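# Chains, contacts and geometry: an overview
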Amino acid sequence: MKVSEAVQTRRSVRAFTDQPVEREMLTRILEKAQRSPSGGNTQPWHGIVLTGEPMQKLFDRIAEEFPKGRAAHAPEYHVYPPELDGAYEQRRRGVGEDMYGALEISREDKGKRLMWFANNFRAFGAPVLMLVHTPKYMGPPQWSDIGMWLQTIGLLCREEGLDTCFQEAWAVYSPQIREMVDIPEDHIFFCGVAIGYRDEDAAVNQFEVKRADIDEAVRWEGWQ
């Protein structure tokens, strides 16, 4: 698979089949991803790869907290800036509405939307969930490095026929996650990554994810 094809076909997959993922395949992907760029070669990323019983125990623990709503949330960072507005907020809301539209869940049906949101904390049915963390003293440049590592993993997964969903939603349950897995106290929990095989028939994997035109993101200077 060409890199361009992997980029074009990668998306946040929110419905997976139950087909297992071989550890050897994940090892191959993660070993290659170690070549991801990082400032000063710091390589600040850390992951815990769950499957089977440990993953199910985490799901069960979060299921205990989910009915409490926001009262159970304790993220270690802002998933979105509180001041997010303009085109950035429009894009965030727009992709959500497009997703719920594909699922045929109206804005007024808050119960069904909440039930669907709960699927985040079952990794959308994926057989693998990786939990990502990094030392608390790492700054924005190192978080950028982690993003490049995750993107590399996502593209390598596509090469292997796998798909991913990068889930910052898990951040709201940081304390509960720490109860279930060994994340060092001096590390910050960042996100989960669902990994598995895409359910090709699921409507949630088929709606168009709109992207901004390049002119909104790039300015050219010195070109003829």
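Attention here is on the structure that accompanies the text. (Residues numbered from 1 in each chain as written. Predicted model: local features only at pLDDT ≥ 70, side-chain atom pairs only at ≥ 80, totals over all residues. Heavy atoms only, no water.)

## Regarding the packing of helix 2 (residues 23-33) against helix 6 (residues 140-159)
Between two packed helices, both the angle of their axes relative to each other and the distance between the axes serve to describe the pair. In plain terms, the rule: Here an angle of 0 to 180 degrees is reported between the N-to-C directions of two axes, which are lines fitted to C-alpha atoms, with helices fitted over the stretch in contact. Numbering of helices and strands runs from the N terminus; a helix is a DSSP stretch of H or I covering at least four residues, while a strand is a stretch of E covering at least two. Just so you know how the angles are binned, under 35 degrees is roughly parallel, over 145 roughly antiparallel, 65 to 115 roughly perpendicular, and the rest oblique. Two helices crossing with the near one rotated counterclockwise from the far one by less than a right angle form a left-handed crossing, whereas a clockwise rotation gives a right-handed crossing. Contacts are assigned to residue pairs with any non-hydrogen atoms lying within 4.5 Å of each other.
Remark: helix 2 packs on helix 6, axes separated minimally by 9 Å, with the N-to-C direction vectors making an angle of 140°. Classified by the angle their axes make, helix 2 and helix 6 are oblique. In the crossing of helix 2 with helix 6, the sense of the turn from one axis to the other is right-handed. Contact with helix 2, carried on its side by Ile 29, Leu 30, Lys 32 and Ala 33, involves Trp 149, Thr 152, Ile 153, Leu 156, Cys 157 and Glu 159 of helix 6 and no other residues of that element.

## Quick notes on the pattern of salt bridges
Note the cut-off: For this analysis, a salt bridge means a side-chain nitrogen from Lys or Arg found within 4 Å of a carboxyl oxygen belonging to Asp or Glu. Each residue gets one of three labels from its accessible area relative to the maximum for its type: buried under 20%, exposed over 50%, partly exposed in between, using a 1.4 Å probe on protein chains only.
Under the counting rule described, the total for this entry stands at 17 salt bridges. Glu 179 serves as the salt-bridge partner of Arg 61, at 2.7 Å between the closest nitrogen and oxygen. Pair noted here: Arg 61 is in helix 3 (residues 52-65) and Glu 179 is in helix 7 (residues 174-180), with a separation of 118 residues, a long-range link. When its relative accessible area of 51% is taken as the criterion, Glu 179 is described as exposed. Salt bridges here are not isolated pairs; linked through shared partners, they connect Arg 61, Glu 64, Glu 65, Lys 68 and Glu 179.

## Description of the state of the cysteines
Rules: Throughout, disulfides are identified as pairs of cysteine sulfur atoms within 2.5 Å of each other.
As enumerated under the stated definition, the model contains 0 disulfides in all. The structure places no disulfide on Cys 165, whose sulfur is separated from the nearest cysteine sulfur, that of Cys 191, by 9.9 Å. Of the residues examined, Cys 165 reaches a relative accessible area of 3% and is grouped as buried.

## Quick notes on the side chain of Gln 167
Along the chain, Gln 167 turns up in strand 3 (residues 163-167). In this structure, Gln 167 is in contact with Asn 120, Ala 123, Phe 124, Leu 129, Cys 191, Gly 192 and Ala 194, ignoring residues within four places of it in sequence.

## Notes on the packing of helix 4 (residues 86-102) against helix 5 (residues 110-117)
Under the convention used in this document: Residue type decides the class: Asp, Glu, Lys and Arg count as charged, Ala, Val, Leu, Ile, Met, Phe, Trp, Tyr, Cys and Pro as nonpolar, and the leftover types, Gly among them, as polar.
Two numbers describe how helix 4 lies on helix 5: the axes approach to 12 Å, and their chain directions differ by 100°. The pairing of helix 4 with helix 5 is recorded here as roughly perpendicular in orientation. Of the residues in helix 5, those touching helix 4 at Glu 97, Met 99 and Tyr 100 are Arg 113, Trp 116 and Phe 117. Split into classes, the residues belonging to the contact of helix 4 with helix 5 amount to 4 nonpolar, no polar and 2 charged.

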